[in-house]
Amino acid sequence: MAAKRMNSKKRYELLTRNMGWETTYQSMDEVFPYDKFEGIKIKDWDKWEDPFRLTVDAYWKFQAEKDKKLYAIIDSFAQNNGQMNISDARYVNALKLFIQGVTPLEYYAHRHYAHLGRHFRGEGTRVACQMQSIDELRHAQTQIHTLSHYNKYFDGLHDPFHMFDRVWYLSVPKSYFEDAMTAGPFEFITSVSFSFEYILTNLLFVPFMSGAAYNGDQATVTFGFSAQSDESRHMTLGLEVIKFMVEQHEDNLPIVQGWIDKHFWRAYRVLALVSAMQDYMLPNSPMSWKEAWDVYFVENIGALFDDLSRYGLRMPKYHEVATAESEHLSHQVWLTLYNYSHAAGMQTWVPDDKKLDWLSEKYPNTFDKHYRPRFEMFRQMEADGQRHFSPGLPQLCQVCQVPMAFTEVVAGDAMKISRRVSTYKEDRFYTCSDGCRDVFEGNPAKYAQAWLPVHQIFQGNCGGAELADVAKWCHLQPGDGGEHVGSPDQDRWKKWRGEDTVKPTVMAAE
Ligand code: FE
Ligand code: ZN
């Protein structure tokens, strides 16, 4: 008689359980020094439900298939000069932001899940983290390989990892992720696997990948899908880890809720950059930031927390602020970037008429009232030869590191800058919101040390006092950022398309 087939859960348990052992030469606490100090109490690591249930050989086979498809598409994209079929050269700025600000996070995730794959006591948990670590390295690699094609034809894509460590707006994603990496393992996994990957991942990937589809960038769509299919496993891990912690001990609940609150807010502030990309950088936007927020956060995450309420968990603190801000966020961030892009690795511009009308339609309550007149003024200034860049440096929020440009929308004053002040060791620290203030005051000793680009420039740590010195130190080259109109990117584009007054002599002969 044939042996009865085990179900996949049972089979996978046999693969991952009892692979470890109780150490004897050293105490378990010394071998696993990190998984207790945060206060999370685990009674039985074997209660962990494996979220992936994928063996290594099946994993390699599966990923190799995806890579084969991706690299075939990248090849044909390159051979057919795919860069000429995108909607417009402005679109490439979304890719600059992606490779400068998101790809380095993939690599961070790779490193830190590997760290967790060593340091959790439970074998099932370690295996899950190790698998995710491999995924994240692949994401970083496929993104670099895909976008390297654009680097041949456009500025701003030549040194993203160097820029990530130095350029001001990139300290927004960098500081969020480093906050998580410098916490304990349970806080990191709550931050990245749950608050980021479960709650907010659609708001990152949908704008970029549907954005790519709407703007003729098949190569980016393909790496997006290739990463997104791993993402569903990562989301499962995020949910599993939350449930595991709260089921293990009642003392864990308030700690976990605190982390959900904190990292929701921090990750949401990172997405402020994505909102501007989505509404302004994409010549053709599939949906507005507000529409995406309503579907992927208000509806989907609302339903998720209805479900999680039986564990005693509630919606992240200040979620209603984020929802109120959804009518303002992208406009405030784009206006800020517009003012400072001369010191950035991506370009900005005043939206064209088609885009202004689209924004008026998508934001009937706010755009015409508060933002459209400003863009029309900037357009007039440009026509008069007065394209404006702010000569000074902005004040940054001590926590999220976004320039202080958010306003008091909840209090009903959309024109008043939102600013909170905290005192720590007789110094004053400024934050942009109640959310960031709470994070600061939850651990002032940590955030008082934040590496704020503006402060560092003033202290002389960034190559010099002049814009050119700082740009050089950041490996920014002329044309990477600044105004798109009249940029080398735009000139090249016009030549390819025959839109230039001077007929091109060579068509991208490379
Ligand atoms: Fe990833
Ligand atoms: Zn902030």
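Residues numbered from 1 in each chain as written. Chains lettered and ligands numbered in written order. Predicted model: local features only at pLDDT ≥ 70, side-chain atom pairs only at ≥ 80, totals over all residues. Heavy atoms only, no water.

Digging into the packing of helix α8 (residues 171-181) against helix α11 (residues 252-281)
Item 1. Remark: α8 packs on α11, axes separated minimally by 9 Å, with the N-to-C direction vectors making an angle of 160 degrees. Relative to α11, the element α8 lies roughly antiparallel. As for the relative orientation of α8 and α11, their crossing is left-handed in sense. Contact with α8, carried on its side by V172, P173, S175, Y176, D179 and A180, involves K262, H263, R266, A267, R269, V270 and L273 of α11 and no other residues of that element.
Item 2. Split into classes, the residues belonging to the contact of α8 with α11 amount to 7 nonpolar, 2 polar and 4 charged. (Axes fitted to C-alpha atoms, helices over the stretch in contact; angles between N-to-C directions. Helix = DSSP H or I, 4+ residues; strand = E, 2+ residues; numbered from the N terminus. Parallel < 35°, antiparallel > 145°, perpendicular 65-115°, else oblique. Left-handed = near helix turned anticlockwise from the far one by under 90°. Contact = heavy atoms within 4.5 Å. Nonpolar A, V, L, I, M, F, W, Y, C, P; charged D, E, K, R; others polar.)

Regarding the packing of helix α3 (residues 56-79) against helix α6 (residues 123-151)
Item 1. Viewed as axis vectors pointing N to C, α3 and α6 meet at an angle of 10 degrees, and their least axial separation amounts to 10 Å. As the angle between them shows, α3 and α6 are arranged roughly parallel. Contact residues: Y59, W60, Q63, K66, D67, L70, Y71, I74, F77 and A78 in α3; M131, I134, D135, R138, Q141, T142, H145, T146, H149 and Y150 in α6.
Item 2. When grouped by side-chain class, the residues that make up the contact of α3 with α6 number 10 nonpolar, 6 polar and 4 charged.

Brief notes about the coordination of the iron ion (ligand 1)
Item 1. Donor atoms from the polypeptide that coordinate the iron ion (ligand 1) comprise E106 (OE), E136 (OE) and H139 (ND1), at 2.0 to 2.2 Å from the metal.
Item 2. Look at H139 and you get buried, because its relative accessible area is 0%. (Donors = N, O, S within 2.8 Å, 3.2 Å for Na, K, Ca; no water. Buried < 20%, exposed > 50% of the residue type's maximum accessible area, 1.4 Å probe, protein only.)

So, the environment of G345
Item 1. Among the secondary structure elements, G345 is positioned in the loop between α14 (329-340) and β1 (347-348).
Item 2. In this structure the C-alpha to C-alpha distance between G345 and P478, which are 133 residues apart in sequence, comes to 9.2 Å.
Item 3. Among residues more than four places away in sequence, those in contact with G345 are K96, Q100, G156, Y169, L476, D480 and G481.

Description of the layout of surface pockets
Item 1. Empty space within the largest pocket amounts to approximately 380 Å³.
Item 2. For the lining of the largest pocket, the secondary-structure elements that each account for two or more residues are α19 (453-458) and α20 (467-473).
Item 3. In terms of residue count, the dominant contributor to the lining of the largest pocket is α19 (4 residues).
Item 4. Classifying every residue of the lining of the largest pocket gives 16 nonpolar, 3 polar and 2 charged. (1 Å grid on protein atoms, 1.4 Å probe; cavity = no way out; pocket = protein on both sides within 12 Å on 5 of 7 lines; lining within 4 Å. Points joined across faces, edges and corners; volume = space filled by probe spheres on them.)

Quick notes on the coordination of the zinc ion (ligand 2)
Item 1. Taken together, C397 (SG), C400 (SG), C432 (SG) and C436 (SG) make up the protein donors of the zinc ion (ligand 2), found 2.3 to 2.4 Å from the metal.
Item 2. Angles of 105 to 116 degrees at the metal separate the 4 donor atoms of the zinc ion (ligand 2), which places the site in the tetrahedral class.
Item 3. Taken in chain order, the donor set of the zinc ion (ligand 2) reads C-x2-C-x31-C-x3-C. Highlighted residues: C397 in the loop between α16 (367-383) and β2 (407-408) and C436 in helix α17 (residues 434-442), separated in sequence by 39 residues. (Tetrahedral: all angles 85-135°; square planar, octahedral: opposite > 155°, others 65-115°.)

Structural notes on empty space enclosed by the protein
Item 1. Per the counting criterion, the structure on display carries 4 cavities of 30 Å³ or more.
Item 2. One number sums up the size of the largest cavity: a volume of about 150 Å³.
Item 3. What lines the largest cavity is a set of 14 residues, and nearest its centre among them are E106, E136, F196, E197 and L204.
Item 4. Secondary structure elements with two or more residues in the lining of the largest cavity: α5 (103-119), α6 and α9 (185-214).
Item 5. Residues belonging to the lining of the largest cavity are distributed by class as follows: 8 nonpolar, 2 polar and 4 charged.
Item 6. The volume enclosed by the second largest cavity comes to roughly 110 Å³.
Item 7. Together, L97, G101, V102, L105, P173, F196, L204, F208, V270, L273 and V274 line the second largest cavity.
Item 8. Mapped onto the lining of the second largest cavity, the elements with two or more residues apiece are α4 (92-101), α9 and α11.
Item 9. Of the residues in the lining of the second largest cavity, the class split is 10 nonpolar, 1 polar and no charged.

Notes on the packing of aromatic side chains
Item 1. Going through the model one piece at a time under the given rule, you end up with 40 aromatic pairs.
Item 2. Seen from their ring centres, Y150 and F154 are 6.2 Å apart, and the 40 degrees between their planes marks the pair as tilted.
Item 3. Residue classification places F154 among the buried residues on the basis of a relative accessible area of 3%.
Item 4. With centroids separated by 6.2 Å and ring planes inclined at 75 degrees, the aromatic side chains of F194 and F305 adopt a geometry described as edge-to-face. One end of the pair, F194, is in helix α9; the other, F305, is in helix α12 (residues 289-308), and 111 residues separate them in sequence. Summarising the burial analysis for this pair, F194 and F305 share the class buried.
Item 5. Taken together, the ring pairs in this structure connect Y108, Y113, F164, Y176, F177, F188 and F196 into an aromatic cluster. (Phe/Tyr/Trp six-rings, centres within 6.5 Å; stacked < 30°, edge-to-face > 60°.)

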